[in-house]
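Each chain is listed here by its residues.
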Amino acid sequence: MHDGIRKSAILLMTLGEDGAGNVLQHLSHEAVQTLGEAIATLQQVRHDEVNDVLEEFRQETEQYSAMHLDSGDYLRNALKKAMGTERAADLMENINQTSLSASGIERLNHLGAAEVAELIRDEHPQIIATMLVHMDRTKAADVLEQLSERVRYDAMLRVATFGGVQPAALKELTEVLSEMLSGEGVKHVGLGGVRAAAEIVNQMSSVHEEALIKHVREVDENLAQKILDQMFLFENLLDLEDRSIQLLLKEIESESLIIALKGSQKELCDKFLKNMSQRAAEALREDLEMRGPVRVSQVEAEQKNILMIVRRLTDAGEITAGGSGSDAYV
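Residues numbered from 1 in each chain as written. Predicted model: local features only at pLDDT ≥ 70, side-chain atom pairs only at ≥ 80, totals over all residues. Heavy atoms only, no water.

Draft legend 1. View of the overall build of the chain. Helix and strand content of the chain: 19 helices and two strands. In the chain, which comprises 330 residues, the share counted as buried stands at 44%. When contacts within the chain are restricted to residue pairs at least 6 apart in sequence, those whose partners lie at least 24 apart make up 80%. Surface exposure of the chain reaches about 17,600 Å², of which carbon and sulfur atoms provide 45%. (Helix = DSSP H or I, 4+ residues; strand = E, 2+ residues; numbered from the N terminus. Buried < 20%, exposed > 50% of the residue type's maximum accessible area, 1.4 Å probe, protein only. Contact = heavy atoms within 4.5 Å. Areas by Shrake-Rupley, 256 points an atom, 1.4 Å probe, with all protein chains shown as cover.)

Draft legend 2. The packing of helix H10 (residues 149-160) against helix H13 (residues 206-219), seen in detail. The N-to-C vectors of H10 and H13 enclose an angle of 65°; their axes lie 10 Å apart at closest approach. Considering how the two elements wind past one another, H10 and H13 form a crossing that is right-handed. Two secondary-structure elements touch here, H10 through Arg152, Tyr153, Met156 and Leu157 and H13 through His208, Ala211, Leu212, His215, Val216 and Val219. (Axes fitted to C-alpha atoms, helices over the stretch in contact; angles between N-to-C directions. Left-handed = near helix turned anticlockwise from the far one by under 90°.)

Draft legend 3. Layout of the nonpolar core. Core analysis: the largest hydrophobic core is formed by 41 residues, its most contacted members being Leu132, Val143, Leu144, Met156, Val159, Ile227 and Met231. For this core, the leading source of residues is H10, giving seven residues. Each residue touching Leu144, except ones within four places of it in the same chain, is listed here: Leu132, Arg152, Ala155, Met156, Ile200 and Met204. Leu261, Cys269, Leu288 and Val310 belong to the second-largest nonpolar core, a separate cluster that totals 26 residues. (Core = buried A, V, L, I, M, F, W, Y, C linked by side-chain atoms within 4.5 Å.)

Draft legend 4. Quick peek at helix H14 (residues 221-230). Every buried residue belonging to H14 is among Leu223, Ala224, Ile227 and Leu228, and all of these are buried. With its buried residues spanning 140° around the axis, H14 presents them on a single face. In the core, the buried residues of H14 are packed alongside H10, helix H12 (194-202) and H13. The N-cap residue of H14 is Asp220: its side-chain oxygen and the backbone nitrogen of Asn222 are 3.2 Å apart. (Arc of directions from axis to C-beta. Polar contact = N/O pair within 3.5 Å; in protein donor to acceptor, adjacent residues only side chain to side chain.)

Draft legend 5. Main features of a nonpolar patch on the surface. Taken together, the side chains of Leu15, Val23 and Leu27 make up a nonpolar region of the molecular surface, amounting to roughly 190 Å² of accessible area. Looking at the element boundaries, Leu27 is found in the loop between helix H1 (3-24) and helix H2 (29-41). (Patch = residues over 30% accessible without salt bridge, like charges linked within 9 Å, V, L, I, M, F, W, Y side chains within 5 Å. Salt bridge = Lys/Arg side-chain N within 4 Å of Asp/Glu carboxyl O.)

Draft legend 6. The layout of surface pockets, seen in detail. Of the voids in this model, the second largest pocket is the one considered here, and its volume is about 400 Å³. Taken together, 20 residues make up the lining of the second largest pocket; nearest its centre are Ser206, Phe234, Glu235, Glu300 and Gln303. Going through the elements one at a time, H13 and helix H19 (296-315) are the ones with two or more residues in the lining of the second largest pocket. The element contributing the most residues to the lining of the second largest pocket is H19, with six residues. Classifying every residue of the lining of the second largest pocket gives eight nonpolar, six polar and six charged. (1 Å grid on protein atoms, 1.4 Å probe; cavity = no way out; pocket = protein on both sides within 12 Å on 5 of 7 lines; lining within 4 Å. Points joined across faces, edges and corners; volume = space filled by probe spheres on them. Nonpolar A, V, L, I, M, F, W, Y, C, P; charged D, E, K, R; others polar.)

Draft legend 7. Layout of the side chain of Glu302. Residue placement: Glu302 occurs in helix H19. Comment: no salt bridge for buried Glu302; closest opposite-charge side chain is Arg291, at 9.0 Å. Once residues within four sequence positions are removed from consideration, Glu302 is found in contact with Ser256, Ile259 and Ala260. (Lys, Arg positive; Asp, Glu negative; His and termini not counted.)

Draft legend 8. Structural context of the confidence of the model for the chain. Chain-level pLDDT for the chain is 75 on average; 71% of the residues reach the 70-or-more range. Segment residues 182-190: pLDDT under 50, and 28 contacts once partners within four positions in sequence are set aside and those in other chains are kept. A low-confidence stretch, residues 322-330 stays under pLDDT 50, and its non-local contacts, those more than four residues away or across chains, total 25 contacts. (pLDDT = per-residue confidence, 0-100.)

Draft legend 9. Spotlight on the side chain of His134. Relative to the helices and strands, His134 resides in the loop between helix H8 (125-133) and helix H9 (137-146). There is a polar contact of 2.7 Å between the side chain of His134 and the backbone oxygen of Thr130.

Draft legend 10. Just the environment of Leu257, in detail. Looking at where Leu257 falls in the secondary structure, it is placed in helix H16 (residues 254-261). For Leu257, a relative accessible area of 4% corresponds to the buried category. Separated by 27 residues in the primary sequence, Leu257 and Leu284 have C-alpha atoms spaced 8.8 Å apart.

Draft legend 11. Main features of the pattern of salt bridges. In this structure the tally under the stated criterion is eight salt bridges. With a closest N to O distance of 3.7 Å, Lys271 and Asp242 form a salt bridge. Of this pair, Lys271 sits in helix H17 (residues 266-273) while Asp242 sits in helix H15 (residues 242-251), and the two are 29 residues apart along the sequence. Residue Lys271 is classed as buried on the basis of its relative accessible area, which comes to 13%. The class of Asp242 is partly exposed, set by a relative accessible area of 31%. Residue Arg291 is joined to Glu255 by a salt bridge in which the shortest nitrogen-to-oxygen separation is 2.8 Å. Separated by 36 residues along the polypeptide, Arg291 in the loop between helix H18 (278-290) and H19 and Glu255 in helix H16 bring together distant segments of the chain. Judged by its relative accessible area of 27%, Arg291 is partly exposed.

Shown next, in the form of structure tokens:
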């Protein structure tokens, strides 16, 4: 847990439910969930740590001995005061799922894709789907490519239609994984659905990507289209505003951009060039003209790396990415 977040959680605990509720209602949903998860993991806080936190924030308070926390009830009541019963219940469910899944699955992200595939390949496709939606998207895509075609297609259909998992079932699954993987801890990443499926497919190689979408379309054309609508392809960078392209350029290495633009449509190259300084644009144009043949796999890899940067900037709210990838599969 980040030191600043822990201090904030301790400070909220000293304010009481009403005080904490008043603070929480002025924070963003993301900040409330982060602090909620921090409070939920606090079990005992030393007297000197509380004192240091209070001194740092220059607030007066009575002294405490060790704080034995009934963090679940406290957090639930504080959240109710901050945002009402219904929203508090939803957020508590997310926080509790994070705590329940805090062992096993995240460890899969630290293993090689081949190791994970070997570990799960004989499991029921629904179990595989559950693991995939709780894994890092890039790792999930790598693992899918290691699985047999039949298992890959079946698992992706289940990811796209994933409606969640009961906490008890998730707890049982993570306990089994913990035993198999020496019990190192994990965190909850998020549930599945069409968006999760699209994010995973976006990280796969073009060959597997196209084959998988084709299979989903054969089973459920509407579902395939929903996945495509959530995907953001390299060509969709044309839909970004100039300001977003300029922000993106600050995050991309020149060599990566040169390779990614090899073979791209002229309109997309022009989009980047017009958002550069004249000197930088001339240098890029010259590099593109002088660069010899580049392997398609290398171009695709750099394009996906840039799309990962786009997703990071989008998640941070710095740019807005939209568009549909449906034209890639006609």
